[in-house]
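# Residue-level structural notes
What follows is the residue order along each chain.
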Amino acid sequence: MTNTEKKFPLSLSSVVDSRSAQARQTATPQTALKNLARGESRAAPVNSVPKTVAARSNSGHSGSGLSPAVAHGNPHGMGSDKIRHAMVARVAQQGVQDALVLDALAAIPRHLFIESGLSSQAYIDASLPIGHHQTISQPYIVARMMELMRNGRALQHVLEIGTGCGYQAAVLSLVAKQVYSIERIKALHELAKENLRPMRIANIRLHYGDGMLGLPQVAPFDGNILAAAGLEVPQALLMQLAVGGRLIAPVGSRSQVLQLTERISKDEWAATTVEACHFVPLRAGVI
Ligand code: SAH
């Protein structure tokens, strides 16, 4: 990858001249996939429970304490572990290698975050509508962003901009000690609360507000994921990144790229373009 070291603030031009799609092209077939098929891997085997996933996490924290209601999946078929593991296997096939992230993806029942009329599509690798012209992100991109943000590290504080229905926040809760997530649409903030409540995940804090401002009161963050695309990464978010921290954001309008920004020192950030992507727009203010 081409790292372009930049002084703060970063301009869009610092992004577009980087090489794109390299990470995906160089991804190697990964063993978690084969292991998944055998059901013997670090990735959760079929019929395992998320509690096991949290307990086996190598992130150095105590896990999220998912409730038994979630841990045992859904008795109505759609939430079967098998179908979710098939989705995770496809994500792994596309190059995501971080076993902790794949485990987390396998543990969270995505169908519980979308309306019942769409639940038959919950485990296809696609974004789906959640109302208010917004979407639940595609599982592949959720995993990819988390892998890039984590970079093998144990994460303490992470920030998500764009809670939406709360799905990615739930997945993040299994790879970070404390998750903060901000949503600007009140109705979606409430929807996420409703979706997450029965899961009794102890380490997620949901905020209603403009995520472009970040959360200075709890910064710095060692990871930040934006689930909506702006023309550039908001400066407040760069400032709230810990030194050594990683921010992953879609950048652009019609044509977007996934950008990784790492804070190198107090006043230096390095930006890398990872691959093309497609997200809903990042907007200022609340509604
Ligand atoms: N994280 C979600 C994806 C939701 S889509 C998932 O798990 O699938 C992106 C969300 O970003 C939308 O709900 C949109 O309202 C929200 N958003 C856009 N601009 C925002 C901003 N400035 N602050 C907070 N949320 C924002």
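Residues numbered from 1 in each chain as written. Predicted model: local features only at pLDDT ≥ 70, side-chain atom pairs only at ≥ 80, totals over all residues. Heavy atoms only, no water.

### Focus on the pattern of salt bridges
Taken as a whole and assessed by the stated rule, the structure comprises 7 salt bridges. Note that R150 is salt-bridged to D98, the shortest N-O span being 2.7 Å. Of this pair, R150 sits in helix α8 (residues 139–150) while D98 is found in the loop between α6 (81–93) and α7 (99–107), placing the two residues 52 residues apart along the sequence. In this structure, R150 and D98 share a single accessibility class: buried. Put simply, E190 and K186 hold a salt bridge, and the shortest N to O gap is 3.7 Å. In this pair, E190 and K186 are both assigned in helix α10 (residues 186–196), 4 residues apart and thus about one turn of the helix distant. Judged by relative accessible area, K186 falls into the partly exposed class, the value being 38%. (Salt bridge = Lys/Arg side-chain N within 4 Å of Asp/Glu carboxyl O. Helix = DSSP H or I, 4+ residues; strand = E, 2+ residues; numbered from the N terminus. Buried < 20%, exposed > 50% of the residue type's maximum accessible area, 1.4 Å probe, protein only.)

### A short note on the packing of aromatic side chains
According to the stated counting rule, one finds 2 aromatic pairs in the structure shown. Plain terms: the ring middles of Y180 and F221 are 5.9 Å apart, the flat faces sit at 70° to each other, and that makes the pair edge-to-face. One end of the pair, Y180, is in strand β5 (residues 176–183); the other, F221, is in strand β7 (residues 221–226), with 41 residues separating them in the sequence. Of the two residues examined, Y180 and F221, each falls in the buried class. The cationic tip of R110 hangs over the ring face of Y167; the distance from NZ or CZ to the ring centre is 5.6 Å. (Phe/Tyr/Trp six-rings, centres within 6.5 Å; stacked < 30°, edge-to-face > 60°. Lys NZ or Arg CZ within 6 Å of the ring centre and 35° of its normal.)

### Details of the site of the ligand
Near the ligand, the surroundings consist of 26 residues, among which S137, E160, E183, G211 and R283 are the closest. At 2.6 Å from an oxygen atom of the ligand is found a side-chain nitrogen or oxygen belonging to E183. Backbone polar atom of R283 to a nitrogen atom of the ligand: 2.6 Å apart, as the coordinates give it. Coverage of the ligand by the protein chains reaches 99% of its 580 Å² of free accessible surface. Under a 2 Å grid-point criterion requiring more than half of the atoms, the pocket assigned to the ligand is the largest pocket. Elements supplying a minimum of two residues to the shell around the ligand: β3 (134–136), β4 (155–161), α9 (167–172) and β5. Counting residues per element, the shell around the ligand draws most heavily on β3, which supplies 3 residues. (Near = heavy atom within 4 Å. Polar contact = N/O pair within 3.5 Å; in protein donor to acceptor, adjacent residues only side chain to side chain. Areas by Shrake-Rupley, 256 points an atom, 1.4 Å probe, with all protein chains shown as cover. 1 Å grid on protein atoms, 1.4 Å probe; cavity = no way out; pocket = protein on both sides within 12 Å on 5 of 7 lines; lining within 4 Å. Sits in = over half its atoms within 2 Å of the grid points.)

### What about the nonpolar core?
In terms of nonpolar packing, the biggest core is built from 55 residues, with L105, F113, Y167 and L258 touching the most fellow members. Among the elements that take part in this core, α8 stands out by supplying 8 residues, more than any other. (Core = buried A, V, L, I, M, F, W, Y, C linked by side-chain atoms within 4.5 Å.)

### Structural notes on the layout of surface pockets
Space inside the largest pocket adds up to approximately 520 Å³. In terms of lining residues, the largest pocket is bounded by 35 residues, among which Q134, T135, A227, A228 and V280 are the most central. Put simply, the parts of the chain that give the lining of the largest pocket at least two residues each are β3, α8, β4, α9 and β5. It is β3 that contributes the most residues to the lining of the largest pocket, 3 residues altogether. For the lining of the largest pocket, the residue count by class is 17 nonpolar, 13 polar and 5 charged. (Points joined across faces, edges and corners; volume = space filled by probe spheres on them. Nonpolar A, V, L, I, M, F, W, Y, C, P; charged D, E, K, R; others polar.)

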